[in-house]
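# Remarks on the overall topology
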Amino acid sequence: MLSMMKAVLAACFLNLGSAAAAENKLPIDVVKYIKQREGCDHFRGEMPDPPDEQRMKKIEREIRKLCMGTDNKLERLKRKYATNRAVLKRLNEFEEKIE
């Protein structure tokens, strides 16, 4: 049982490693965008339950900081890397119009 758990954990780490390696092969401007946009999307999905006014202020501040301009950036990056299938595949994972 223990050896089976070790094998499962090893497989998980290998998958995480390969995902990180794939991300490292993307152009730096794309990697920066992905990091910003994933932060944006994280806070877009945050709604405190029960409602918390202080937490909502922080969420709104982070959304303004991380999400502003991401629609235009996404469009520009898709045009810039229109012939790069790996970049387009990754960028197509994001909603186009969130602002």
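One can find the structure itself at the top, above this paragraph.
Residues numbered from 1 in each chain as written. Predicted model: local features only at pLDDT ≥ 70, side-chain atom pairs only at ≥ 80, totals over all residues. Heavy atoms only, no water.

Turning to the packing of aromatic side chains, a few remarks are in order. Using the criterion set out here, one finds one aromatic pair in the structure. Between Tyr-33 and Phe-94 the ring centres are 5.8 Å apart and the planes differ by 90°, which places this aromatic pair in the edge-to-face class. Of the two residues, Tyr-33 is situated in helix H2 (residues 28-44) and Phe-94 in the segment after helix H5 (85-91); the sequence distance between them amounts to 61 residues. Relative accessible area serves as the criterion here: at 2%, Tyr-33 is assigned to the buried category. Classification of Phe-94 by relative accessible area gives buried; the value is 8%. (Phe/Tyr/Trp six-rings, centres within 6.5 Å; stacked < 30°, edge-to-face > 60°. Helix = DSSP H or I, 4+ residues; strand = E, 2+ residues; numbered from the N terminus. Buried < 20%, exposed > 50% of the residue type's maximum accessible area, 1.4 Å probe, protein only.)

Turning to the state of the cysteines, a few remarks are in order. Counted according to the given criterion, the structure contains one disulfide. Here Cys-40 engages in a disulfide with Cys-67; their sulfurs sit 1.9 Å apart. Because the sign of the S-S torsion sets the handedness, a value of about 110° for the bond joining Cys-40 and Cys-67 places this disulfide among the right-handed ones. Taken as a pair, Cys-40 in helix H2 and Cys-67 in helix H3 (residues 53-67) lie far apart in primary sequence, 27 residues in all. (Disulfide = S-S within 2.5 Å.)

A separate point is the side chain of Thr-70. Relative to the assigned elements, Thr-70 resides in helix H4 (residues 70-80). Take Thr-70: its relative accessible area is 0%, and that puts it in the buried class. When neighbours within four sequence positions are excluded, Thr-70 is seen to be in contact with Tyr-33, Gln-36, Arg-37, Ile-98 and Glu-99. (Contact = heavy atoms within 4.5 Å.)

Our focus in this paragraph is the environment of Glu-93. Considering the arrangement of structural elements, one finds Glu-93 in the segment after H5. Judged by its relative accessible area of 52%, Glu-93 is exposed. The spacing of Glu-93 and Ile-34 is 59 residues in sequence and 9.9 Å in space, taken between C-alpha atoms. At 2.6 Å, the side chain of Glu-93 forms a polar contact with the side chain of Arg-90. (Polar contact = N/O pair within 3.5 Å; in protein donor to acceptor, adjacent residues only side chain to side chain.)

On to the nonpolar core, then. Counting residues in each nonpolar core, the largest one holds ten residues, listed as Leu-26, Val-30, Tyr-33, Ile-34, Leu-74, Leu-77, Tyr-81, Val-87, Leu-91 and Phe-94. Of all the secondary structure elements, the ones that give two or more residues to this core are H2, H4 and H5. No other element matches the three residues that H2 contributes to this core. Not counting chain neighbours up to four residues away, the residues in contact with Tyr-33 comprise Thr-70, Lys-73, Leu-74, Leu-77, Leu-91 and Phe-94. (Core = buried A, V, L, I, M, F, W, Y, C linked by side-chain atoms within 4.5 Å.)

All chains considered together, the criterion is met by eleven salt bridges. A salt bridge links Arg-37 to Asp-41, with the nearest nitrogen and oxygen atoms 2.9 Å apart. Residue Arg-37 and its partner Asp-41 are located together in helix H2, separated by four residues, close to a single helical turn. You can call Arg-37 buried: its relative accessible area is 0%. Through salt bridges with shared partners, a single ionic network connects Arg-37, Asp-41, Arg-44 and Glu-95. (Salt bridge = Lys/Arg side-chain N within 4 Å of Asp/Glu carboxyl O.)

Limitation: the analysis is restricted to geometry and does not speak to function.
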